[in-house]
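Each chain, letter by letter, is given below.
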Amino acid sequence: MTDHNSAVPVGSRRERYLVAPLGAPHEADHLLARLGEDPATTVHRVVSTAPSFAVVEMDADRAAMLTASGAAHVEPDLPLRCASPMPDPSVSPSGGVARVPFLVTGSDGRPLEGAEIYLMNETFLLRGVTAQDGTVTIDAPAGVLHALDGVHVKPRQDYWAVWLGRPELTADAPNLVTCPSFAETFPGFPQRPLDGWARRAMRFDALPPTFRGDGIRIAIVDSGASVEHPDLAGRVVGERDQWEDPLGHGTHVAGIIGGADDGHGIVGVVPEAVLHSYRVLPDGRFSDLIEAIDRCIADNVDVINLSLGNAQPSPLVARRIEQARQAGIACVAAAGSSGGPVMFPASLPTVLAVAAIGRLGDYPPESYHATRVYGVPTVEGYFSASFTCHGPEIDVCAPGVAIVSSVPAAGYAAWDGTSCAAPYVTGLAALLLAHHPDFRGAARDSARVDHLFELIRGSCRPLPLGDPTRSGAGLPDAVAALGLVPPVTTSPPAHPILAELWTMMAQSGLIPVSVPTVAHAHFAQLTPPIPTHLPPPMATHLATPPAPHFSTSPAGPFPFGTSAGPPMTGPFATPAGSPLGGPFGASTGSPMGGSFAASTGSPTDFPTHFDGGEPAQDGDKNRPSRITLTAPAGEPLDPLRAAMRSAGLLPQTH
C-alpha cells in the first residue's frame, strides 16, 4: 500500500537554454555573474569561445524576461535526434528503465481508480492506468524523463482531466496529481441538473420549455448507448445488444442529444426525441456503416448522428448517405479531430459537417482542455479547437471542448472532439423538424433535408476566428433557427461613419449580426448578446422576456435594412419591464424620426436619433451623424454606455 503522505506534487520542470550576453565584455561578465547568483537559475557551464554563452536551466518565463531585457540572446538548448524514422527502438536512449510511480487523487482527497496517465513526447507516448488506490508505475526509458512535453491525466469519470506541461518527475516517491472534481466547478452537480456552456452558446437555454423534440427519431451510429446510465434509462429504443457501450463514446453522444430532463445530471437538447442506437464501434468498417444506414432507412429515422469516419472516402457509403437523403433523412457528421483535412463522410456535400470550438473560462485552467486553444479567441472567449479538422467542406461549428456528458455506467466525463460538437447540431436539427412550421406536413424527401440544412446555416453567427475553413457559416443559434426572434440586418448602414461603428460593435459582440433579414422588424424582441464584461444589473435587465410586437407609422411592415424606405416615426413605447432592442439604422433616403421610450422599469437598448430625425440626403454622406444614447440615471443603459465609451465606440464627452 502506498503511503500517500510521501507523495510529491508534480511541478514544472526548468528548461535548458543557451544564454549569449550582448554588449561590452564587462557587461557580459556582470550578467553571467548575476545568473550564477540567481537561486532560480542553474548555470551548468560557460563556453568562452566567441561569442561566449552559458548553458543554464531556468523557467520559461524567466528566459522570456531575459530576452525582453535586450541584455542577452536566449534560445532553447534542444536535444539532438538521429535522422531516422521515429520512433526507432534501435536509437532508444541508453541508461536503462526508470520506474516512475504516480498517485492520482481528486480535489476531495479520494484516490481515483481507472485514471489514465499519458507521458507525452513528440516521438513516443507511454500509458498507465491507476489501480483502486489511485497508484500506477510507468516504465519509461531513463534518458527521456527530462524530455517529456507533458503528462496528461484523464480520470475515468466525475473529475476534470489535468495537463502538466514540462513535468519534473521523480522515481523516488509517488508523483502526486490532483484532479478537480465536477462538483467543485458545478456546485450541486450531478444532484442538480447541469446547464453547460454549450447549451448557452447555442441558446438552447432560451427556448420555450415545450420545445423538446417530441417524436423525432434520431439515430446514433456509434459505439452503443448504455441504458444503465440514469440519464438514458428508458430513452433508447431498438435491439438490446445495441445498448452496451464498450467505449463510452456513444453514451457521451447520446447524453448530449437526448439526456433525460429528470432534475439531475445532464439535460439533452431534445429530451423527448426517440433515440436509436446502432453500434459499429469499436472495430467497425465501412461495411458496418452501410448496414447501419440501411437500418436507419428501414426504421424511418429523421436524423443520423455520425461522430465517426475515416481519412479515405467510400463511394458505397456516399451512395447510401444519398439514399438516406432522398428518403428525407438528414446526416450530421463530425469533421474529425486529427487537425487535418475534413474526414469522410463529413467531407460529402450531402451531409452537414461540424467543426469544434471551445470557450475560455469554462474549464479549470490546469485542465487538459486549456491546451486546445488555436489562434486568437474572440472577445467573447470563443476559439477554434486545435484538433478540429478543417477545410472548405465545413458547414458550421459547435461546442466541442470541455463537454460534460454521460459515460457508463452512471458517471460523467468532460471530453473534447468534433464528436461532441456534432450531437449539438443533430439536436438542433431534431428541434427544427419537430417545431419549425416549415416541416409540418412536409414530404420526406431530399428537399426537406436541404431546407433543414439551410435553416441551420442561416441561423449562424459568424465567429471572427481568422480562418473560415475552421468554422464554416459560424455558430448556430437555436432561437433564430426556430424563428422565435426577429432577424436583424447583416449589412452595415450606408453612412461610412455609422458603418464603422456598426462593424466595431458587431466585432465586440454588442449586436447580433448573423440572423437573416426579413421584410419587417419587431423591435421589442431584438435582444443583443450580453457581453460578459458588463455589470450584472445590465445582464439582468436585458434578459427580460420579449414584449409584444409594436407597430410603425405609417403602418408596417417597415422594410428595415433596405436602401430606401418610408419614414419611421415615434414615439414607441413598451409595457413596464419589457426591453426595447436595437440597433436601429437608416440608410440614405430612409428618414428615421421620433423617439424611442420605455415606461418605468423597461430597459431601452440603443434609442437612436439620426441627424435630429431629418431625412438623410445624398449630400449629407460626408457629414458626421449624431448618435445619442439617452437613459435616466441609474437605468440599465448607464453601464452599457460606459462600456462603449471605454472601448472607444462612443466619444468620451457625449
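What you see is a predicted model; the values in this text were computed from it and never measured. Numbers given to residues run from 1 along each chain, matching the order in which its sequence is written. The model is predicted, so local features are restricted to residues of pLDDT at least 70 and side-chain atom pairs to those at 80 or more, both for listing and for counting; the totals for chains, interfaces and linings are taken over all residues. Heavy atoms throughout the structure, all of them, feed into the side-chain values; hydrogens and water do not.

> For the overall build of the protein, give the residues involved together with the corresponding values.
Scanning the protein from N- to C-terminus turns up 13 helices and 25 strands. Considering the protein as a whole, with its 654 residues, one finds that 50% of them fall into the buried category. Taking the contacts inside the protein whose residues are at least 6 apart along the sequence as the reference set, 69% of them involve residues at least 24 apart. For the protein, the exposed surface amounts to about 28800 Å²; the carbon and sulfur share of it is 55%. Numbering of helices and strands starts at the N terminus; helices are DSSP runs of H or I of at least 4 residues and strands are runs of E of at least 2. Relative accessibility decides the category of a residue: with a 1.4 Å probe and only protein chains considered, values under 20% of the type maximum give buried, values over 50% give exposed, and everything between is partly exposed. By the convention used here, residues are in contact when the closest approach between their heavy atoms is within 4.5 Å. Each accessible area is a Shrake-Rupley result for a 1.4 Å probe, and residues are judged covered by the shown protein chains and nothing else.

> Quick rundown of the pattern of salt bridges? Include the residues and the values.
When a carboxyl oxygen of Asp or Glu lies within 4 Å of a side-chain nitrogen of Lys or Arg, that pair is called a salt bridge. Enumeration over the complete set of coordinates arrives at 19 salt bridges. A salt bridge links Arg-372 to Asp-416; the shortest N-O distance between them is 2.9 Å. Placement of the pair is Arg-372 in the loop between strand S20 (352-359) and strand S21 (373-374) and Asp-416 in the loop between strand S25 (411-415) and helix H8 (418-435), with a sequence separation of 44 residues. Taken individually, Arg-372 and Asp-416 each receive the classification buried, so the pair is uniform in this respect. Here the residues in one salt-bridge network are Arg-200, Arg-359 and Asp-362, joined through shared partners.

> Any chance you could break down the environment of Gly-284 for me, citing the residues and the numbers?
Residue position: Gly-284 is located in the loop between strand S17 (274-279) and helix H6 (286-298). Distance in space between the C-alpha atoms of Gly-284 and Ser-223 is 9.2 Å, their sequence separation being 61 residues.

> Talk me through the pairing of strand S7 (residues 97-106); I want residue IDs and the actual numbers.
Every regular strand shows the same layout, with side chains that alternate between the two sheet faces. Burial analysis of S7 places eight of its ten residues in the buried class, the great majority of the element. When DSSP finds two or more bridges between a pair of strands, those strands are recorded as paired. Across seven bridges, the pairing between S7 and strand S10 (residues 135-141) is antiparallel. Counted as the bridge partner of Pro-101 is Thr-137 from S10. In this sheet, strand S14 (residues 175-179) lies alongside S7 in parallel orientation, the contact comprising five bridges. Across the sheet, the residue bridging to Leu-103 is Leu-176, located in S14.

> Talk me through the environment of Val-55; I want residue IDs and the actual numbers.
Counting through the fold element by element, Val-55 comes out in strand S5 (residues 53-58). Not counting residues within four places of it along the chain, the set of residues in contact with Val-55 comprises Arg-16, Tyr-17, Leu-18, Thr-42, Val-43, His-44, Arg-45 and Asp-77.

> Residues and numbers for the packing of H6 against helix H7 (residues 315-326), please.
Packed helices, taken two at a time, are described by the angle their axes make and the gap between the axes. For every element, the axis is a line fit to its C-alpha atoms; helices are fit only across the contacting stretch, and the angle between N-to-C directions ranges from 0 to 180 degrees. Interaxial distance between H6 and H7 falls to 10 Å at its minimum, and their mutual angle equals 10°. Of the possible angle classes, the one that applies to H6 and H7 is roughly parallel. Together, Phe-286, Leu-289, Ile-290, Ile-293, Asp-294 and Ile-297 of H6 and Leu-316, Val-317, Arg-320, Ile-321, Gln-323 and Ala-324 of H7 make up the contact between the two elements. In what follows, roughly perpendicular refers to angles from 65 to 115 degrees, roughly parallel to angles under 35, roughly antiparallel to angles over 145, and oblique to any angle outside these ranges.

> Describe in detail H8, supporting the description with residues and values.
The span you would expect from a helix comes to 1.5 Å times its residue count less one. Relative to the 26 Å expected for 18 residues at 1.5 Å per residue, H8 spans 26 Å between its end C-alpha atoms, a close match to the ideal helical length. Of all 18 residues that make up H8, 17 are buried, and the element is covered over most of its length.

> Which residues make up the sheet that holds strand S11 (residues 150-154), and what are the values?
What the four strands build is an open sheet, ordered S9-S8-S11-S12; its pairing is antiparallel. One side of each edge strand has no neighbouring strand; the edge strands of this open sheet are strand S9 (124-129) and strand S12 (162-165). Taken pair by pair, the neighbouring strands of this sheet meet at an average axis angle of 15°, ignoring direction. In the sheet, S11 pairs with S12 via four bridges, with the strands oriented antiparallel. Note that in S12 the partner of Gly-150 across the bridge is Gly-165.

> Quick one: what's the story with the packing of aromatic side chains, residue by residue and with numbers?
When the centres of two rings from Phe, Tyr and Trp lie within 6.5 Å, Trp using its six-membered ring, the rings pair. Their planes under 30 degrees apart give stacked, over 60 give edge-to-face, and anything left gives tilted. On inspection of all chains with the given rule, the structure shows nine aromatic pairs. Aromatic pair Trp-160 and Phe-186: ring centres 5.9 Å apart, planes at 50°, arrangement tilted. Of this pair, Trp-160 sits in the loop between S11 and S12 while Phe-186 is found in the loop between helix H3 (182-185) and helix H4 (197-201), placing the two residues 26 residues apart along the sequence. Grouping residues by exposure puts Trp-160 and Phe-186 together as buried. For the ring pair Phe-182 and Phe-186, a centre distance of 6.5 Å and an interplane angle of 55° mean the geometry is tilted. Comparing Phe-182 with Phe-186, the two get one shared label, buried. An aromatic cluster is present here, built from Trp-160, Phe-182, Phe-186, Phe-189 and Tyr-412 joined pairwise through their rings. Note that Arg-470 overlies the ring of Tyr-374, its terminal NZ or CZ placed 3.7 Å from the centroid. Only when the NZ atom of a Lys or the CZ atom of an Arg is both within 6 Å of the ring centre and within 35 degrees of the ring normal do we say a charge sits over the ring.

> An account of the state of the cysteines is needed here, citing residue identities and associated values.
The definition used for a disulfide is geometric: two cysteine sulfur atoms within 2.5 Å. Applying the stated criterion to the full structure yields zero disulfides. The closest cysteine sulfur to the non-disulfide-bonded Cys-296 is located on Cys-331, 7.6 Å from its own sulfur. Since its relative accessible area comes to 0%, Cys-296 is described here as buried.

> Requested: an account of the side chain of Arg-359, with residues and values cited.
If you trace the backbone, Arg-359 turns up in strand S20. The definition of a polar contact used here is a pair of N or O atoms within 3.5 Å, where within protein one atom must be able to donate a hydrogen and the other to accept one, and adjacent residues in sequence count solely through side-chain atom pairs. Here Asp-362 takes part through its side chain, which lies 2.8 Å from a polar atom of the side chain of Arg-359. Those residues within four positions of Arg-359 in sequence are excluded, and the remaining contacts are Trp-197, Arg-200, Glu-380, Gly-381, Tyr-382 and Phe-383.

> Could you give me a rundown of the sheet that holds S10, with the residues and numbers involved?
Pairing between sheet strands relies on hydrogen bonds along the backbone, with the strands arranged either parallel or antiparallel. Read from one edge to the other, the open sheet built from four strands follows the order S1-S14-S7-S10, with strand pairing classed as mixed. Each edge of the open sheet is held by one strand with a lone partner, namely strand S1 (8-9) and S10. Relative to S14, S1 is paired through two bridges, and the arrangement is parallel. Each bridged residue has a counterpart across the sheet, and for Pro-9 the counterpart in S14 is Leu-176.

> Kindly report on the confidence of the model for the protein, identifying the contributing residues and their values.
For any part of a model where pLDDT is low, the fine detail of the predicted coordinates should not be relied upon. Confidence scores per residue from the predictor, reported as pLDDT, run from 0 to 100. When pLDDT is averaged along the protein, the result is 78, and 71% of the positions lie at 70 or above. Note that residues 83-93 has pLDDT below 50 and, in this model, eight contacts with residues that lie over four places away or in other chains.

> Requested: an account of the side chain of Asp-245, with residues and values cited.
You can see Asp-245 is positioned in the loop between strand S16 (236-237) and helix H5 (249-258). When charges are counted, neither His nor the chain ends are considered; positive counts come from Lys and Arg and negative counts from Asp and Glu. The charged side chain of Asp-245 is buried without a salt bridge, its nearest counter-charge being Arg-279 at 7.1 Å. A polar contact is formed between the side chain of Asp-245 and the backbone nitrogen of Leu-247, at a distance of 3.2 Å. Here Gly-248 takes part through its backbone nitrogen, which lies 2.9 Å from a polar atom of the side chain of Asp-245. Dropping the residues within four chain positions of it, Asp-245 is found in contact with Ser-223, Gly-224, Ala-225, Ser-226, Gly-250, Thr-251 and Pro-408.

> Lay out unusual backbone geometry with the relevant residues and their values.
In the segment running from Leu-281 into Pro-282, the intervening peptide bond is cis, with an omega of -5°. Considering the arrangement of structural elements, one finds Pro-282 in the loop between S17 and H6. Of the consecutive residues Pro-408 and Ala-409, the connecting peptide bond is found in the cis state with omega at -5°. With respect to the helices, strands and loops of the structure, Ala-409 is situated in the loop between strand S24 (403-407) and S25. Positioned with a positive phi, Arg-166 is a non-glycine residue whose angle comes to about 50°. Secondary-structure assignment places Arg-166 in the loop between S12 and strand S13 (167-168). Even without being glycine, Arg-203 reaches a positive phi, approximately 65°.

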